[in-house]
Amino acid sequence: MADQTLPPFPDDVPTVSLTVVDYGLLKSGDKNEINTLWDAATKQGFWYMKNHGAEHVIEPMFELGRETMRLPYDDKMKFWQGNSGGSFGFVQSPRRYDRDLKGSKDNCEMINISKDDTLSYPDVAHPFVTACMEANNTILGIFNDKLGLPSGTLERFHSSEEHSVSEARLIKVPPSKDTESIAVGSHTDFGSLSFLANKLGGLQVLLPGEEHWKYPLPGHVICNVGDALNLLSGGILQSSTHRVLPPPKEQSKYERWSLVFFTRPGNSVSLKALSDHSSIIAASPGRDLDSGATALDWFMRRQSKWRVSNQKTVDDYLASRGTEHTKIAV
């Protein structure tokens, strides 16, 4: 079922200017476009991307989300994510604290679909997941060369042949009169690359000292670097803090749906700066970054801290925020 007509994003709220990258040019090896991507990834960590190859598979995923969320609550809770650090399955609302430490809860519901399950049991999610994997693998290859790593290093760390916590996520935020209420609290992404599609505003990129809305561009997705790549690159690739509020002004009267694919390293990958493999990383200020954990253990530790029932102290809350809070991986 197609969406109802949605109001335009308001033109009188502060917005962040993001670079537009053409994926078609990236695939063709265009040097200027590759440099444009690199500049965005090492400065803001966010960019728009057009001609990304997933245009025709996004709407079926939104319909999958709508159909699933219409199921009775008890049926959805049979597939509850749990509190132990796992990610796949249903996530009910409310579930964790917001960014201001006042104990406010977010108000979104989520469905998380495992990359490994999708590849093993092809269904409606398969075309979207494979399109995202292709795009993100292309970007990883570009970053690999820019970081001076041996050919194929980052691609090998994100191989589809190894189990990982890579996943597709559908997020539903209900209409709200309170446009300052938290939908998804401030955080950096756990993984390496995120590939986001949405139709309404709500995403805020939290640059130092500023909070700016990011508005959707028709036909474009929003991509960003996550904490794993920040670690592996010795801090060269930027993982920036962001959050989700209800859409601004007239858009807040409508349900907000987001669709994202998170590319994350293979479960056995040690999350530390690849200084031994690159003179560029070895010369970076973050050359000694080391999470002290594999990708799976580190993810589960971070993920578990997002759960309200696991946040016993302020430190537990802060431990879920990411590299932008502590400047090192937690």
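Residues numbered from 1 in each chain as written. Predicted model: local features only at pLDDT ≥ 70, side-chain atom pairs only at ≥ 80, totals over all residues. Heavy atoms only, no water.

1. A look at the overall build of the protein
The number of helices and strands found in the protein is 12 helices and 14 strands. Residue burial in the protein is summarised as follows: out of 330 residues, 55% are buried. For the protein, the proportion of contacts with a sequence separation of at least 24, taken over those separated by at least 6, is 79%. As displayed, the protein offers around 14,000 Å² of accessible surface, 52% of which is attributable to carbon and sulfur atoms. (Helix = DSSP H or I, 4+ residues; strand = E, 2+ residues; numbered from the N terminus. Buried < 20%, exposed > 50% of the residue type's maximum accessible area, 1.4 Å probe, protein only. Contact = heavy atoms within 4.5 Å. Areas by Shrake-Rupley, 256 points an atom, 1.4 Å probe, with all protein chains shown as cover.)

2. Quick look at the environment of T68
Along the chain, the position of T68 falls in helix α3 (residues 58-69). Aside from chain neighbours lying at most four places away, what touches T68 is K76 and I111. A distance of 2.8 Å separates the side chain of T68 from the backbone oxygen of L64, its partner in a polar contact. (Polar contact = N/O pair within 3.5 Å; in protein donor to acceptor, adjacent residues only side chain to side chain.)

3. Topic: the sheet that holds strand β5 (residues 167-173)
Across the sheet, which stays open at both edges, the 8 strands sit in the order β1-β2-β10-β7-β12-β5-β4-β3 with mixed pairing between neighbours. Because the sheet does not close on itself, it has two edges, and the strands there are β1 (20-22) and β3 (89-91). For this sheet, the mean angle separating the axes of adjacent strands, direction not counted, is 25°. Where strand β4 (residues 109-114) and β5 come together, 6 bridges link them in antiparallel fashion. (Pairing = 2+ DSSP bridges. Axes fitted to C-alpha atoms, helices over the stretch in contact; angles between N-to-C directions.)

4. Digging into the pairing of strand β2 (residues 46-50)
Counted residue by residue, β2 has 4 buried out of 5 residues, so it is predominantly covered. Direction of pairing for β1 relative to β2: parallel, over a ladder of 3 bridges. Residue pairing across strands places V21 opposite M49, the latter belonging to β2. Relative to strand β10 (residues 221-225), β2 runs antiparallel, the two being bridged by 4 bridges. Paired with Y48 across the two strands is I222, which belongs to β10.

5. Section: the nonpolar core
W47, M49, F128, F143 and F195 are the most contacted members of the largest nonpolar core, which has 60 residues in total. Tallying contributions element by element places helix α6 (residues 126-146) first for this core, with 10 residues. Dropping the residues within four chain positions of it, M49 is found in contact with V21, Y23, L26, A135, I139, F195, G219, H220, V221 and C223. By size, the runner-up hydrophobic cluster in this structure holds 11 residues, among which are V16, L196, V244 and F262. (Core = buried A, V, L, I, M, F, W, Y, C linked by side-chain atoms within 4.5 Å.)

6. Focus on the side chain of N224
Note on placement: N224 falls in strand β10. Engagement of the side chain of N224 in a polar contact is seen with the side chain of D189, the distance being 3.0 Å. Setting aside residues up to four positions removed in sequence, N224 forms contacts with G45, F46, W47, D189, S192, L193, S194 and H242.

7. Describing the packing of aromatic side chains
If you walk through the whole model with that rule in mind, you get 4 aromatic pairs. Both rings, one in W47 and one in F143, keep their centres 6.4 Å apart while their planes meet at 85°; by these two values the pair is edge-to-face. Placement of W47 in strand β2 and of F143 in helix α6 is noted, with a sequence separation of 96 residues between them. For the pair W47 and F143, a shared accessibility class is recorded, and that class is buried. Taken together, the ring pairs connect W38, W47 and F143 into an aromatic cluster. (Phe/Tyr/Trp six-rings, centres within 6.5 Å; stacked < 30°, edge-to-face > 60°.)

8. Describing unusual backbone geometry
Even without being glycine, N51 reaches a positive phi, approximately 55°. Within the secondary structure layout, N51 lies in the loop between β2 and α3. The exposure class of N51 is partly exposed, given its relative accessible area of 44%.

9. Topic: helix α2 (residues 31-43)
Between its first and last C-alpha atoms α2 spans 18 Å; for 13 residues at 1.5 Å apiece the expected length is 18 Å, and the two agree. Restricting attention to buried positions, one finds in α2 the residues E33, I34, L37, W38, A40 and A41. For α2, the arc enclosing every buried residue in end-on projection is 165°, short of the 170-degree limit, so these residues lie on one face. When the buried face of α2 is taken as reference, the exposed residues oriented beyond 90 degrees from it are K31, N32 and K43. For α2, the N-terminal cap is D30; the gap from its side-chain oxygen to the backbone nitrogen of N32 is 3.1 Å. G45 occupies a position one or two residues after α2 and carries a positive phi of about 80°. (Expected span 1.5 Å × (residues − 1). Arc of directions from axis to C-beta.)

10. Considerations on the environment of A273
Along the polypeptide, A273 turns up in the loop between β13 (270-272) and α9 (279-282). Remark: the alpha-carbon pair of A273 and D288, spanning 15 residues in sequence, is separated by 6.2 Å. Those residues within four positions of A273 in sequence are excluded, and the remaining contacts are L231, L232, G234, I281, G286, R287 and L289.

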